[in-house]
Amino acid sequence: MYQRIVILTGAGISAESGLQTFRAADGLWEQHNIEDVATPEGYQRDPLLVERFYNSRLSQFSDHSIKPNLAHLALAKLTREFDGQVLLVTQNIDDLHEQAGSTWVHHMHGELHKGRCPITQQTFAMTHPFGEHSVCTCCLPAQKLRPHVVWFGEIPIGMPAIHQALAQCDLFIAIGTSGTVYPAAGFVDEANFAGAQTLSINIDAISSDSLFQYHLKGKASEMVPLVVDKILAHQRVGE
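Rules used throughout
- Residues numbered from 1 in each chain as written.
- Predicted model: local features only at pLDDT ≥ 70, side-chain atom pairs only at ≥ 80, totals over all residues.
- Heavy atoms only, no water.
- Pairing = 2+ DSSP bridges.
- Helix = DSSP H or I, 4+ residues; strand = E, 2+ residues; numbered from the N terminus.
- Axes fitted to C-alpha atoms, helices over the stretch in contact; angles between N-to-C directions.
- Contact = heavy atoms within 4.5 Å.
- Expected span 1.5 Å × (residues − 1).

Once that is clear, we can look at the sheet that holds strand β6 (residues 146–149). With respect to topology, three strands assemble into an open sheet ordered β5-β4-β6, the strand pairing being antiparallel. Looking along the sheet, the strands with just one partner apiece sit at the ends: β5 (123–125) and β6. In this sheet, neighbouring strand axes are inclined to one another by 55 degrees on average, regardless of whether the strands run parallel or antiparallel. In terms of strand pairing, strand β4 (residues 110–116) meets β5 through three bridges, oriented antiparallel. The partner of Lys114 across the bridge, within β5, is Ala125. Against the sheet, helix α4 (residues 47–59) makes contact with β4 and β6, and its axis sits at roughly 130 degrees relative to β4, the strand it touches most.

Spelled out as C-alpha cells, the structure:
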C-alpha cells in the first residue's frame, strides 16, 4: 500500500469556499495589472497600492461564510490518520487548510496572513492590515513588513523539500490546479519518473490531464472525501 503521498492543492479547492481566484475570468487580475501588484518591481514603485491589494484579500476573511469545505476537511483527516508520510503542498495563500485542522501545510507561494522582514526574511503573523505600523521586531530600526507572498519572478518556497518528496512518493494527487504554472506544473512529471501513481481532481478537464494516470472530474468537495476514504481503507486510487 501507499507509504509516501504528496498532495498539491490549487485555487479550485479555495474557490469552493467562496474565495476569488487570481486566474478565473472574474478574478482579481481584472482589477489590477499583474505588474503593479504581484511583482517586486511593482512593490518598489507603489507599496501602498500593493498593501491595499492584499488588505482587500485579507478583508474577505471577515465574511464568516468563507470557511473550509469538505475537501479541506478530508485532507486534514488524511494527514491525521494516514500511517505513512503525507506532504500537503498548496499554491494557495489562504489558511483554509489550517482552519480545517491540517497542522503542517507547505505554502509554496507564501501566506496571506503573514508579513516578512526584507532584511532577515523572518515572518510575522499579521494581526492588523498592512500599513505604516506593520513592522518587524527583529531589526533596529524596525523594517516595514512586505506581504509574505511569492510574486512573479521570485522562487517558490521550499522547493528542495518538495522535489525530494516527489522523488520518493508512491502517490501524487493534484487537486483544483490548472497544471499550467511552473514549477508546480512539473510535479506530475517528477512523480511519474519516481514510479508513483498520479491522480488529478478537477471540476473541468485541464491540458495536463494526459500526464496523469487517473482523473476524477467533479467538485473537490465531492471527490476528495471519496479518495481519502479509499486511501485510509488501504485501497488503490485506481481501483
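This part covers helix α5 (residues 70–81). Spanning 12 residues, α5 covers 16 Å between terminal C-alpha atoms, matching the ideal 16 Å at 1.5 Å per step. Against β1 (4–9), α1 (11–15), β2 (85–90), α6 (96–100), β7 (171–175) and α9 (220–232) lie the buried residues of α5.

So, on to the environment of Ile66. For Ile66, the position within the fold is in the loop between α4 and α5. Not counting residues within four places of it along the chain, the set of residues in contact with Ile66 comprises Ser17, Gly18, Leu19, Gln60 and Leu96.

Moving on: unusual backbone geometry. Residue Pro141 is bonded to the preceding Leu140 through a cis peptide linkage, with omega at 0 degrees. Residue position: Pro141 is located in the loop between β5 and β6. Along the chain, Tyr182 connects to Pro183 via a cis peptide bond; the corresponding omega equals 10 degrees. Mapped onto the elements, Pro183 comes out in the loop between β7 and α8 (187–193). One non-glycine residue, Gln121, lies in positive phi territory at about 70 degrees. Locating Gln121 in the fold gives a position in the loop between β4 and β5. Non-glycine residue His234 carries a positive phi angle of around 65 degrees. Structurally, the position occupied by His234 is in the segment after α9.

What follows is about the sheet that holds strand β3 (residues 106–107). On the basis of which strands lie adjacent, the open sheet formed by six strands has the order β3-β2-β1-β7-β8-β9 and parallel pairing. The open sheet terminates on both sides in strands that have one partner only, identified here as β3 and β9 (214–217). Bridging between β2 and β3 involves two bridges; their strand directions are parallel. When the bridges of β3 are listed, Val89 appears paired with His106.

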